[in-house]
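# Structural overview for review
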Amino acid sequence: TRHPPCRAFMDDITAMTQSIQGTRWILTGLDKMATWARMKFKPQKSRSLAIVKGKTDPRLTFSIQGTRIPTVHEERVKCLGKFFDETLKDIKSISDVQEELEKWLETIDRCQLQSRFKAWIFQFGVIPRLQWPFLLYDFPMTTVLAMERKCSKFLRRWFGVPPCFSTANLYCKSSKFRLPLSLSLI
């Protein structure tokens, strides 16, 4: 009897070595094992990063199963929600989170819902989405304060309070004018 081909799925292999020759040796071994197991890598979904003398080198490239692996210089890579680019810094990702927050707030503001529903969407839709990037990246305090000011501006508009209304009153749980909102970004 003939058996149908077995399908195996492999995901997320990270190979780190101290030398270029070591990397090529590991890739050759992975190539042999994958060929033996009748598996195929998707190099276009992979990224390579070579650091020489403390700096990333876009000229060093690697290949597996005859296909070149793109470098992080060509396209950044996402791992567990965190983006890595050729600078190995969080600056681009932090600015992306800021832009995303601004888009979310403007989208919520444009929708035809009552203000309390907009605040509910903010509290239970936006804040949970912001918590993961705050765990991954090292946000400067000035950036966090700028994001809080942006959120407070929209919340004041949605609740119909004047711009001079204290931020402490927006998020305080013990004041007489308590709003049904909690902001826990920090």
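This write-up is about the structure you can find in this document. (Residues numbered from 1 in each chain as written. Predicted model: local features only at pLDDT ≥ 70, side-chain atom pairs only at ≥ 80, totals over all residues. Heavy atoms only, no water.)

### Observations concerning the overall build of the chain
When its secondary structure is counted, the chain shows five helices and six strands. Listed N to C, the secondary structure of the chain is α-β-β-β-β-β-β-α-α-α-α in terms of helices and strands. Across the chain, contacts joining residues at least 24 apart in sequence account for 53% of those joining residues at least 6 apart. (Helix = DSSP H or I, 4+ residues; strand = E, 2+ residues; numbered from the N terminus. Contact = heavy atoms within 4.5 Å.)

### Describing the pattern of salt bridges
Inspection of the entire model under this criterion finds eight salt bridges. Between glutamate 74 and arginine 68 there is a salt bridge whose closest N-O contact spans 2.3 Å. Residue glutamate 74 is classed as partly exposed on the basis of its relative accessible area, which comes to 46%. On the basis of relative accessibility, which here comes to 41%, the residue arginine 68 falls in the partly exposed class. (Salt bridge = Lys/Arg side-chain N within 4 Å of Asp/Glu carboxyl O. Buried < 20%, exposed > 50% of the residue type's maximum accessible area, 1.4 Å probe, protein only.)

### Topic: a nonpolar patch on the surface
A contiguous nonpolar patch, built from Leu49, Ile51 and Leu88 and spanning about 260 Å² of accessible area, is present on the exposed surface. Among the structural elements, isoleucine 51 can be located in strand E1 (residues 51-52). (Patch = residues over 30% accessible without salt bridge, like charges linked within 9 Å, V, L, I, M, F, W, Y side chains within 5 Å. Areas by Shrake-Rupley, 256 points an atom, 1.4 Å probe, with all protein chains shown as cover.)

### Let's talk about the packing of helix H2 (residues 91-110) against helix H3 (residues 115-136)
Contact pair H2 / H3: the axes reach a minimum separation of 11 Å and the direction vectors enclose 170°. Considering their axes alone, H2 and H3 lie roughly antiparallel with respect to each other. In this structure, the crossing between H2 and H3 has a hand that is right-handed. Residues Val97, Leu101, Trp104, Leu105, Ile108 and Asp109 of H2 form the contact with H3, whose own contacting residues are Lys118, Ile121, Phe122, Val126, Arg129, Leu130 and Pro133. Tallied by class, the residues present in the contact of H2 with H3 amount to 10 nonpolar, no polar and three charged. (Axes fitted to C-alpha atoms, helices over the stretch in contact; angles between N-to-C directions. Parallel < 35°, antiparallel > 145°, perpendicular 65-115°, else oblique. Left-handed = near helix turned anticlockwise from the far one by under 90°. Nonpolar A, V, L, I, M, F, W, Y, C, P; charged D, E, K, R; others polar.)

### Digging into H2
The end-to-end C-alpha separation of H2 is 29 Å, in line with the 28 Å expected for 20 residues at 1.5 Å each. Buried within H2 are the following residues: Ser93, Ile94, Asp96, Val97, Leu101, Trp104, Leu105 and Ile108. For H2, the secondary structure elements touched by its buried residues are strand E6 (82-84), H3 and helix H4 (141-159). (Expected span 1.5 Å × (residues − 1).)

In short, the description is geometric, and any link to function would need to be established separately.
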